[in-house]
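Given next are the chains, with one letter for each unit.
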Amino acid sequence: MDFKSLTLIAEIGSVHDGSFGNAKNLIEAASSAGAICVKFQTHIASAETLALAPNPPYFQDESRTEYFDRTSFTLDKWKQLKQHARQFNVYFISSPFSLESVDLLEEVGVEVFKVPSGEVTNHPLLEKLARLGKPVILSTGMSCWNEIESAVNILIDNAPLCIMQCTSMYPTPAKFVGLNNLLDFKNKFPAVSIGFSDHTLGLSASISAVALGATVIEKHFTFSRLMYGSDAKNSMEPSEFLQLSNELQFAFEIIKNPVSKDSLALNQLSSMKLTFQKSIVASRDLCSGDIISLDDLAFKKPGGGICASKYQLLIGKKLKMSVQLDHMFSLCDFQ
């Protein structure tokens, strides 16, 4: 994966709530809804968190340790999920939250790693990913510029890299989406692809990101926002995700096809010009020898005659012949 073509990631995360069946069905639903990749989160609680670590404000129903332990899969189950993704023609991606989860995902055989926002300053993890030489997607949801630049310096020379604009607010209000950073990423890191991890609830932010040059779009995905867990209520349901996929494909097609106004007018729109533009016609019956004034001219559809823009060329010319009302003029009508 080189991140050059439009890549839509369905962020399943842990919305499966530990159900292997739900995880498989979410892969199938994401594939049907237009995803190119499905992304999970690989948590090993003992390796990534202390028992006393606080919960994020948007999820307080159980401790993080309990949640991670309850929703984790075995190595064999992860391998089966990767194989299931392959059967449904989507890439399998997961975010490691510890060195140990990197090792687990390597055994699974993931082809792309996603660095979650909280791991941007975890340089041992970044260095381990760099040594693996696989494509990396770097989220920046809670990072300042110094942290981003340090992370990019670790990862940039080893494999294709995509930097994601992201804001770690759930949902993200419009004033904090920060798509201006996509342009800054392009300027600061011209060799790197750019993307957008969208935590808003609608379509507008992702489509705007594509218009600014993003090729990778990530959106949280769920069967229903009524599902239990930390992410479901801020996720897209399948029908909404399919709409997003279709709109992004259309927007991407627009962006990658610059249009020449001259070529378009002369070729694809030539029949429209003939139908809608105005030709110069006689405003009344005129006699041979009449000297044309502006009052003798009218401007009517279709095109194909002398264009209305050329009317001054006819002022003062003498008619060779008599013409009737609405006669469409040609240059051979005049001496």
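Right above here is the structure, for reference.
Residues numbered from 1 in each chain as written. Predicted model: local features only at pLDDT ≥ 70, side-chain atom pairs only at ≥ 80, totals over all residues. Heavy atoms only, no water.

All right, on to the nonpolar core then. In this structure, F40, L81 and F221 are the most contacted members of the largest nonpolar core, which totals 64 residues. In terms of residue count, helix α1 (residues 20-32) provides more of this core than any other element does, 6 residues in total. Excluding residues within four positions of it along the chain, L81 makes contact with F20, A23, K24, I27, F40, F73 and F92. Within the second largest apolar cluster, 11 residues are counted, among which are I280, I306, F329 and F334. (Core = buried A, V, L, I, M, F, W, Y, C linked by side-chain atoms within 4.5 Å. Buried < 20%, exposed > 50% of the residue type's maximum accessible area, 1.4 Å probe, protein only. Helix = DSSP H or I, 4+ residues; strand = E, 2+ residues; numbered from the N terminus. Contact = heavy atoms within 4.5 Å.)

Here the focus is the packing of aromatic side chains. Throughout the structure, instances matching the rule amount to 11 aromatic pairs. Centre to centre, the rings of F20 and F73 are 6.0 Å apart; their planes meet at 80°, and the pair counts as edge-to-face. Separated by 53 residues along the polypeptide, F20 in helix α1 and F73 in the loop between α3 (64-71) and α4 (75-87) bring together distant segments of the chain. Each member of the pair F20 and F73 is classed as buried. Residues F329 and F334 carry aromatic rings whose centres are separated by 5.3 Å and whose planes lie at 40° to one another, so their mutual orientation is tilted. Given a relative accessible area of 5%, F334 falls into the buried group. (Phe/Tyr/Trp six-rings, centres within 6.5 Å; stacked < 30°, edge-to-face > 60°.)

So, about the sheet that holds strand β1 (residues 7-13). Strand order in the closed barrel made by the 8 strands is β1-β2-β3-β4-β5-β6-β7-β8, with parallel pairing throughout. Adjacent strand axes in the sheet meet at a mean angle of 25°, parallel and antiparallel pairs treated alike. Here helix α9 (residues 204-211) sits on the sheet and contacts β7 (193-198) and β8 (216-220); the angle it forms with β7, its principal contact strand, is near 175°. (Pairing = 2+ DSSP bridges. Axes fitted to C-alpha atoms, helices over the stretch in contact; angles between N-to-C directions.)

Here helix α6 (residues 123-132) has its buried residues at L125, L126, K128, L129 and A130. Where α6 is buried, its residues touch β3 (91-96), α5 (99-108), β4 (112-115), β5 (136-139) and α7 (145-155). Looking at the residues trailing α6, positive phi occurs at G133, about 70°.

As a general feature of sheets, a regular strand has side chains that alternate between the two faces. Burial runs high along β8: 5 of the 5 residues are buried. Burial along β8 is two-sided: V216, E218 and H220 facing one way and I217 and K219 facing the other are all buried. Here 5 bridges tie β1 to β8, and the two strands are oriented parallel to one another. Bridging across to β8, I9 finds its partner in E218. Sheet analysis places β7 next to β8, joined by 4 bridges and oriented parallel. Bridge pairing in β8 links G195 to V216. Assessed by its sense of winding, the connection that carries the chain from β7 through α9 to β8 is right-handed. (Right-handed = clockwise from strand over helix to strand, strands pointing away.)

Moving on: the pattern of salt bridges. On inspection of all chains with the given rule, the structure shows 11 salt bridges. The residue D326 makes a salt bridge to K300 at a minimum N-O spacing of 2.7 Å. Taken together, the residues D326 in the segment after β10 (297-300) and K300 in strand β10 connect sequence positions 26 residues apart. On the accessibility criterion, K300 (36% relative accessible area) is partly exposed. (Salt bridge = Lys/Arg side-chain N within 4 Å of Asp/Glu carboxyl O.)

This part covers the side chain of T140. Here T140 is to be found in the loop between β5 and α7. Judged by relative accessible area, T140 falls into the buried class, the value being 4%. Of note is the side chain of T140, whose polar atom sits 2.6 Å from the backbone oxygen of M164. Residues within four places of T140 in sequence aside, it is in contact with S117, I148, I163, M164, Q165, C166 and F185. (Polar contact = N/O pair within 3.5 Å; in protein donor to acceptor, adjacent residues only side chain to side chain.)

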